[in-house]
Amino acid sequence: MKVEITKTLRLHPEIERSNQQTATLPVIDSWGSYWRTLVPIYLFDAYSGQGNLHTELFQSISRTLNVFPQLAGTLEPSTIHRGKGKGQLLQRTRVIWGGNTPGGEFIEARTNVRIRSLLPRPVHKASSFLWDRADESLRSLFPQTYPENSGPRVQVTSFRCGGFGIALDFDHGLADAYTVGLFMRHWSATHNQMFAQESTSTAAIPKILFNPQLVEEKVPKFDEHRGPDEALLQKARELPTRRPDRRALDSIKNEATTAQVSTAKPPSKPSAGAPYLLHVSALDYERITREIQGEATLQITDQVAFISFLWAALNRARARVSSRPSLDLHLALSFRWLLGLPDGLLGSPLIAFMMNGGKEGEASYTDAIKLAVEITETLDKFDEDSLLAITYDASLRNSPTSIERSAEWKERMEFSSGVGLGSSNFSFGSHSPVFVGPILLPVDNLFIMAEGLPNNPSSVSSKWYKYGAEVFFSVPQDVLQALLADPAFASLELLSEA
């Protein structure tokens, strides 16, 4: 797809602060610093504004940044002293905004393509399907280069049919998927107040809060006379938490409790496969999850049941392909819900935890019921006390100072759920997104799940999956073909962009 860039503007809050402000990022949030968030693309089939699309969206996003000025800031390394006096120096990451900071980029673009040509063709409302996005046609809707600074990047593309697309990313230390969804809801409400005939109320949208020390204030302060709290450190060390310097389960051995810095840059991990969309109808989702829940020895949530279904199916597919071993699972976990953090809190309070097939070893990797039990038992280890122990441990270590991370890399399945984040619960004018999804997935075996959009209604009306579940993923072609040969996917309708 050919896309023409017509203009690039610097993006700042509408009300620019003359003086610079700065804040040290939370130690957990900073684990994501110097990486970018996955780029979502929001496609709309029309624009109902009265003026120029790009001009009005630029004006409204600039006003929105008045409430989110930190997201337009710049990250840089800094140091703090642990203990009284000079104490021990620890590396930290801080955000600077206002003054002459560079801000972000707002990219105006256009294409002669029609929105509908980028969407999966219509299917029966109750059908589950796999959509092959192999021609990577969405990639031209956002820059493929790494930005020179930490500010947000936004590309607004107008389409020949009158529709438009919005793609954006932020530094991951400043924004997780929840923050991105919160930003989009505020942007759309601000835009509608400025330009739509029927403005949207912001009363139901959480009030924004930037409080970097909120979680760290919940853990004990370091006492240089007593030394570190060994009980908390031991609790943190026993948890299978992925850190910048610990990226695989087999690295959780004989760790020192002192702060450590890894300066080795990880090898490039490009995706060998293309992004796919698995749409699971509400009825199929309920059937799959209830079968696993009914056989499990523990109480299993529907999302855990579905994750275990995909994990087992992926490992069965890999077993059919020579020289592809079973994969461990890394699962993203947010502090927001377990710690009861305010709904409007900005940041990226996320960790990932790692797990294998459990005590029974290789035989468990293809058994969805055993995997569901393993996920549930591992999740149960991460209660409020555990998250605070992880935070305490991180507070005694150096934060990453650049995109450099541990060189340790082991192939694994990664799963992240965007369910309940409100990523499509907004409209610009009278138009809501007709498609929401990542433009690309940077590594293989990455799975992202979200609610289906309200264009596939079903009879399971009270559930989050009433419009089905969407799973975006990327696997190598040989694994995909083996996956499709699995009887569990026999009912899938296969779609392609051709």
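So, here's what we can say about the structure. (Residues numbered from 1 in each chain as written. Predicted model: local features only at pLDDT ≥ 70, side-chain atom pairs only at ≥ 80, totals over all residues. Heavy atoms only, no water.)

1. Some details on the pairing of strand β9 (residues 164–169)
- Taking burial as the measure, the six residues of β9 include six buried ones, the bulk of the element.
- As judged from the four bridges shared by strand β3 (residues 40–44) and β9, these two strands associate in the antiparallel manner. Of the residues in β9, the one forming a bridge with Phe44 is Phe164.
- For strand β8 (residues 153–158) and β9, the ladder comprises six bridges, and the chain directions are antiparallel. Each residue of the ladder has a partner; that of Gln155, found in β9, is Ala167.
- Counting the residues between successive antiparallel strands, the hairpin from β8 to β9 contains five residues, one of them, Gly162, with a positive phi of roughly 100°. (Buried < 20%, exposed > 50% of the residue type's maximum accessible area, 1.4 Å probe, protein only. Helix = DSSP H or I, 4+ residues; strand = E, 2+ residues; numbered from the N terminus. Pairing = 2+ DSSP bridges.)

2. A short note on the nonpolar core
- Counting 73 residues, the largest nonpolar core has Leu310 and Phe473 as its most contacted members.
- With eleven residues, helix α5 (residues 302–320) is the single largest residue contributor to this core.
- Setting aside its immediate chain neighbours within four residues, Leu310 contacts Leu278, Met413, Phe415, Phe447, Val471 and Phe489.
- Counting residues in each nonpolar core, the second largest holds 41 residues, with Leu25, Ile61, Leu174 and Phe183 among its members. (Core = buried A, V, L, I, M, F, W, Y, C linked by side-chain atoms within 4.5 Å. Contact = heavy atoms within 4.5 Å.)

3. Examining the sheet that holds β8
- On the basis of which strands lie adjacent, the open sheet formed by six strands has the order β1-β6-β8-β9-β3-β15 and mixed pairing. Where the open sheet ends on each side, the last strands, each with one partner, are β1 (4–11) and β15 (435–438). Between one strand axis and the next, the sheet turns through 15° on average, direction left out of account.
- Relative to β8, strand β6 (residues 104–110) is paired through six bridges, and the arrangement is parallel. Each residue of the ladder has a partner; that of Ile107, found in β8, is Gln155.
- Sitting on the sheet, helix α2 (residues 177–195) is in contact with β3, β8 and β9, with an inclination near 135° to β9. (Axes fitted to C-alpha atoms, helices over the stretch in contact; angles between N-to-C directions.)

4. Digging into the pairing of strand β17 (residues 469–475)
- With seven of seven residues buried, β17 lies mostly within the body of the structure.
- With burial as the criterion, each face of β17 is covered, one bearing Ala469, Val471, Phe473 and Val475 and the other bearing Glu470, Phe472 and Ser474.
- In the sheet, strand β16 (residues 446–451) pairs with β17 via six bridges, with the strands oriented antiparallel. The residue bridging Ile448 from the neighbouring strand is Phe472, located in β17.

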